[in-house]
Structure formats: C-alpha cells, structure tokens
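Residue-level structural notes
Below are the chains, spelled out letter by letter.
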Amino acid sequence: MKFEFNSSEPIYRQVAEQIEDAIASGGFAEGDQIPSTTEISKEFHINPATVLKGMNIVVSKNLIEKRRGLGMFVQAGAQKRILAEKRDTFFDEFVENLVREAQNLDISEDELLTLVKRGYQQ
Amino acid sequence: MSVLEVNHISKSFGSKHVLSDINLTFEDNKIYGLLGRNGAGKSTLLSIMTNRNFADNGEVKIDSEDVSDNDSKLGLMYLMSEVNLYADGWKLTQIMKDSESLYGGFDHQLADHLIQEFGLDVNQKFGKLSTGYNSIFKLILALCLPVRFVLLDEPVLGLDANHRELFYSELIQSYSDNPRTFIISTHLIEEVANIISDVIVLDQGRVILNQPVEDVLAKTHSVVGPQKDVEQYTKGLNVIGHDMMGTIRANYVYGDLDDRILPDTVQLSNFDLQKLFIFLTNQYEGSGKNENK
Amino acid sequence: MKTNKVTKFLFRRQVIGLAEMYLFLFAAFLILPFLFSAISGSLDDYSLSQQMQGSWVTAAFGVYMFAISTLSYENFKFLIQNGISRPTFFNAQIVVNGLLILIGNTFNLVYQYLVLMPLVHARNTNIFMSSYSGYIHNSILDFIANFIFSGLLLVVGALFGMVIGNFLTLFSKFVQRIILIATPVIGYITLMYTASRVILDRNFQMTWVANFAKFILGYRATGSYDPFPMIVAMVVIAVVMLLITRYLFSKKQLKRE
C-alpha cells in the first residue's frame, strides 16, 4: 500500500480512495486483513480520527468489514464492485475531459478515435 | 472528561502586548496545533496556562476550576518546552523517579520502549545532553507521565529527520493507546498538518483562527485562471493572497464561496494549511490583508 | 496531599547536601591538617582534640541553613515543571527547614555537651551559654532554654536567608547584581553617617537605641542576661519573616532567560 496525499481534497476522503484503490488493484485481496487505523495513522502521520472517518466510508460501502477484536477485512466481491463503480464514473471522470481537451486542441472525433486505437495497440 | 479553558488572558512585557484577550477551549482527546510566527506569543501562552508565569488579566481553568496555585489541576498538565527546568547536574534516572513521585505515576513500559527506540542513555546527567536528546528526554517524560493535557512547545527542536519521524509515529501510537489532549506548538506546520484535529493560529498576541482542520481546509480555495476572469470571479470574496505567473493569476480565498458561476477558464481547488498560515500571518510577499479594499 | 511528596523530595535533596557539607568540613579540618602534619613530619603537634574544638562544627550548620534558604529557584523550576503549586512548595520547604533545624540543633547541642564540654571544659561554646546560661538555676531547664534559644537563632537565620533569597529571585540576574552591590554600599554610608553624628553631635546620642538593645538582649548590670526578651523577640521576628517569605513565594515566576 502506498499513500500519496495532496491538499486539494479532504484527507479522510483520500484515505477512503486509497484503500479502495488498493482493493481494486488486488493489493488487499478479498478476505485479507487491512492495516489498522493506528497503523495507517502512524505510517502516514494522520490523525487517527481522520483515518477512521475514511475507513468508515469504505465500511459503509460494504467493501470492508470489522471483525470484533481482530480488525478490518476485505469483503467478498469488494474488488468487483469497486471496478464496477469505477466503470460507472469512467465516462464522467475521463471521457468528458478527454473530449473537451481534444476540442480545445482542434482534434476531430475521427482523429481522437484513431488516437485511442493507437493507445490500445501500444 | 476534562476541559481546559483559557479566559480573557492578557499579558504585556513593558509596553509590548504579548497576549491580548486570549479565549480558547481545549476539549478532551483532541490534538491541537498552536501555530504562530516567532514572537506571536505561543510560548508565553503555554507558560501562563501551566502557571509558570502570571497573566496580567484573565484565568485558566480545568473543569471550571482555576489552575493557579492548584496542585490537583496543575498535575493534569505537563508542558515540554525549550526552557530547561531540570538542573544540569541531575541524572536522568533521578529526574524520572522524582517526576513519577510528584505526578503520582509513570508509564515505565512505554518509557523503556521509547528510551530504546531513540537510543537514549539515561545514566547521563541532564546538562550533558545534546539539543536533540534534551528534547527527546523531555518528550519521553511528556508521553509517560499520567496527565490529561500534554503541552508540547516546539517538540522536535534539534531532532534529526529520523527521530522526528519516529516521534510523530510514537505520538500517534501513544495517543491511540491512551487518548488524551495534546497541544502542539510548532512552526513546522507541514509535519503536523494531518496529525492535528484542530488548528489555532496566534498572530501578534491574538487568536486569528481557531477551528477543526477539516472545516478550515474546506474553506480554502485557490482560484486559478486568466487574470481578468479570476478577479471577476473572486470579487467580494475574502482574498488573502495571490500568485502571478505571466497572465495567469491565482487568487487564494479563505471563506465560503457563494453560488456564483464559475467560468470555464477558471479552476478551483483547495490549498493547504501551511499556505493558509503564511497568508493569514501576512508573511507572504505580495499578499495583504487589505487586498479587497 | 502533594505536600508530603514535595517534603520528601526537598528533604532528601537537602539532607544529602548537609551530609556532603559535613564530609567536606571533616576532610578540610581533620584529615587535611593530619596529612599536612604527616607530610611535614610534625605529627606530634597534631591533636585531634584541638582540631575538634574549633567553632566550625557548630557554626557550619547555621551557615548551611542560611545558604540553602537563599537558594530556591532551582527547586521552584523543577516543582513547577511537575505541576506543584507555590503554596505547596512553601509549606513543604518550611517543614523541611524545621526538620533540618531540629536535626542540626540537636546535633550541635549534643556535640557541645558531650564533646566540647568534657574535652576542653568549655562552658561557653555558643551565644546562649556565654551570655544567658546561669540565669536559670536548674541545669535541665537551662538545657531546654539553650535548645529553644539556639533553635530560634537558627530559625531566624534560615528565614532571613529565605527572605533575602526569595526577594532576589523576583529580579533578573542584572538587577540582582545591582542590589547586591548597592545594599552594602548604602548600608556602609548610613552607618558612617550615623556614627559621625553620634560622635560629633551632642544632641544626637540615640540613647533609645542603646536602651532598646539592652532590653531585647536582656542586659543585666551584673550576672547572666535574661534570655526571655530575646526569645520573644526572635519568635516575633520569625513570624513576620515567615509571612514575608510566604508572600515572596506566591510571587515566584519563571524568569525569561
């Protein structure tokens, strides 16, 4: 797990995103235990309450669960659901920006499609 | 549950007002960052809070009881600061023993762990410690004594990067194991920015900011784009600083944005505590409190 | 509740200092002369009993009490760092000084009665014995009066040290130096002025001062002085200085160094 934080978004939301990213990439496999709030706090010098707030977002999405006295574990099917969610936001987050930038640069729809194809071939 | 209150504290040295009507409340189990430039009054405030020095006016209370000349309340606080209140000739082991007896407790397990992690030789005399180990020794006392309020005035003074890293981790561990209130006064804002839950900024003896960090950061907005559009958009907002790069202008706003329409050419994002601090304390070249005049 | 802990802390530190001082004096007055005699080959001239007759044994304690009483800032720093309030520090320090004086005074008198008197047949080894002993015609009551009188003398000395020391710590080092230099100078000038007036001016004889001093000292034209006016005077002075010391303790602050 590698966290990189920036100042443009609240830290607790970044904590949630980073945990989700790690699950999505398979870094935290389903059924695996993830680091505790204190471990994450200590490692990245983040207030434990902030980390907990971020974790609770992930818990509320049913991606991780708390097992009493043991810690946090990745739920079954979490990776799949995160990937599905990411697909849902793919258009908003990436395609719209891509098209806008292409328009700024006077790249036509055909030219853009060609570029996308070239991206796949590489 | 313990609440530490600072009510209407003022202090002057001669004709210089060091603190002017300071009002603060420190709640249970939070980590406060007390930020301010050199001479802003941080150390004076902390030393008044622990009854080391007298205020000209005002009072400091714990759970509605004045702390001055009050052993049971003073015993709930430990202030670690640059000032050395231990005599040079005293051995560290003796200081720890005496502190334990006066505070009525000491976390030996944690102390042993920290002594080993930091590589401190406790069979030395206090006066023989280097600046770094002087700080480390006092930090160990601060973390191991049974207090509700741990006041740290420039805690990492003289510590190298490794020891600073270690200290912040141990601070968090100790806080998680035994939640209590920390008040950290520092000029190294970036290092504590994510650790603190609440931020207090002192400037020229006045409190100019006192809020949860999350709320503070939500109110920071950097507005970047062509100069005309940026100025148009931020008109009437609380602009506390700006940058210019060619014709691109960045205006830094502190406060809520209203529902005005954001032009396509202008980008919005937040900025960090360090930047905010610099703008608010008017340190930054080109910024000014009166930009909107 | 914390007064006990602070008392223990201060007592341990100051009793260790006392022991160190006696060890030092023992070395300086008994062992060193012995060594010198041994080195110079005049060991026959060395006499243990002569070395032990010096008044240093009994005087040392008074000097020590005065000295530690002037020093309180170091302890104040440590105690305020550890959340101990000024009144608690004051109470504990007074208890510790009382205990030390009890120990030191007992030691002094035991030394006088059991060592000095048999050794040199001295009858006047302290102020009480030289001036007041014999006023009470009962050796046990006389001893008790001696104990009280000598003890009070130490109390007044210690409190005087506390007043001076705690007064000075209110000021910065610079102001302290000015006071330490100015006070003797002003005192000397005042004394010389008064003395010259007394000598030169017939109308300025200050006989009331002499009369008052005679009264306090319990002066009798013949025989031993009366110790009781002096005892009462010392009690009054001690109470006044105790109140002053308590006030000075309440004003203690950390100095900006």
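Residues numbered from 1 in each chain as written. Chains lettered and ligands numbered in written order. Predicted model: local features only at pLDDT ≥ 70, side-chain atom pairs only at ≥ 80, totals over all residues. Heavy atoms only, no water.

Looking at an unreviewed UniProt entry, one finds chain C named ABC transporter permease and attributed to Lentilactobacillus otakiensis DSM 19908 = JCM 15040.

Under an unreviewed UniProt entry, the name given to chain A is GntR family transcriptional regulator, and the source organism is Lentilactobacillus otakiensis DSM 19908 = JCM 15040.

Within chain C, the secondary structure is distributed over 10 helices and zero strands. When the helices and strands of chain C are listed from N to C terminus, the series reads α-α-α-α-α-α-α-α-α-α. For chain C, the C-alpha atoms occupy an extent of roughly 60 × 55 × 40 Å along the three principal directions. Here chain C holds 257 residues, and the buried ones make up 37% of them. Considering only contacts in chain C between residues 6 or more positions apart, those separated by 24 or more positions represent 74%. Accessible surface for chain C amounts to roughly 14,800 Å². Of this, 71% is attributable to carbon and sulfur atoms. When the 19 positive and 8 negative side-chain charges of chain C are each reduced to one mean point, those points stand 18 Å apart. (Helix = DSSP H or I, 4+ residues; strand = E, 2+ residues; numbered from the N terminus. Buried < 20%, exposed > 50% of the residue type's maximum accessible area, 1.4 Å probe, protein only. Contact = heavy atoms within 4.5 Å. Areas by Shrake-Rupley, 256 points an atom, 1.4 Å probe, with all protein chains shown as cover. Lys, Arg positive; Asp, Glu negative; His and termini not counted. Charge placed at Lys NZ, Arg CZ, Asp CG, Glu CD.)

Residues and elements named next belong to chain B. Reading across from one edge, β12-β13-β11-β14 is the order of the four strands in this open sheet, with antiparallel pairing throughout. Edge strands, defined here as strands with exactly one partner in the open sheet, are β12 (239–245) and β14 (267–269). Strand-to-strand twist across the sheet, computed as the mean angle between neighbouring axes with direction ignored, equals 20 degrees. Where strand β11 (residues 220–226) and β14 come together, three bridges link them in antiparallel fashion. Within the sheet, the bridge partner assigned to V224 lies in β14 and is Q267. Along the sheet face, helix α10 (residues 273–280) touches β11, β12 and β13 (248–254) and points at about 105 degrees away from the line of β12. (Pairing = 2+ DSSP bridges. Axes fitted to C-alpha atoms, helices over the stretch in contact; angles between N-to-C directions.)

The subject of this paragraph is the interface of chain C and chain B. How big an interface is tends to be stated in terms of accessible area lost as the parts join. Across the contact, 25 residues belong to chain C and 27 residues belong to chain B. Both faces combined, the contact of chain C with chain B buries some 2,500 Å², and carbon together with sulfur accounts for 54% of it. Its largest share of buried area at the contact with chain B, chain C owes to F78(C), Q81(C) and L254(C), together 27% of the area lost on that side. Put simply, chain C and chain B have two salt bridges between them. Close ionic contact of R86(C) with D69(B) constitutes a salt bridge, the shortest N to O distance being 3.8 Å. (Buried area = accessible area lost by both parts, 1.4 Å probe. Salt bridge = Lys/Arg side-chain N within 4 Å of Asp/Glu carboxyl O.)

Now for the interface of chain A and chain B. Between chain A and chain B, the contact holds 12 residues from the first and 17 residues from the second. Note on chain A versus chain B: buried area summed over both sides is about 1,400 Å², and carbon and sulfur give 54% of it. Counting across the interface, chain A meets chain B through one salt bridge. Between E214(B) and K53(A) there is a salt bridge whose closest N-O contact spans 2.5 Å. The interface formed by chain A and chain B includes seven residue pairs in polar contact (both at pLDDT 80 or more). (Polar contact = N/O pair within 3.5 Å; in protein donor to acceptor, adjacent residues only side chain to side chain.)

This next bit is on the domain arrangement of chain A. Residue and element names in this part refer to chain A. Domain assignment breaks chain A into domain 1 (11–77) and domain 2 (79–121). Taking only C-alpha atoms into account, the centre of domain 1 sits 29 Å from that of domain 2. Listed per partner, the contact involves 12 residues of domain 1 and seven residues of domain 2. A buried area of about 800 Å², summed over both sides, lies between domain 1 and domain 2, and 47% of it is on carbon and sulfur atoms. (Domains from an automatic or database assignment.)

Turning to the sheet that holds strand β1 (residues 33–34) of chain A, a few remarks are in order. Residue and element names in this part refer to chain A. Spatially, three strands are ordered β1-β3-β2 in an open sheet, and the strand pairing comes out antiparallel. Edge strands, defined here as strands with exactly one partner in the open sheet, are β1 and β2 (64–67). Across two bridges, β1 lies against strand β3 (residues 71–74) in antiparallel orientation. Its bridge partner being in β3, I34 is matched across the sheet by M72.

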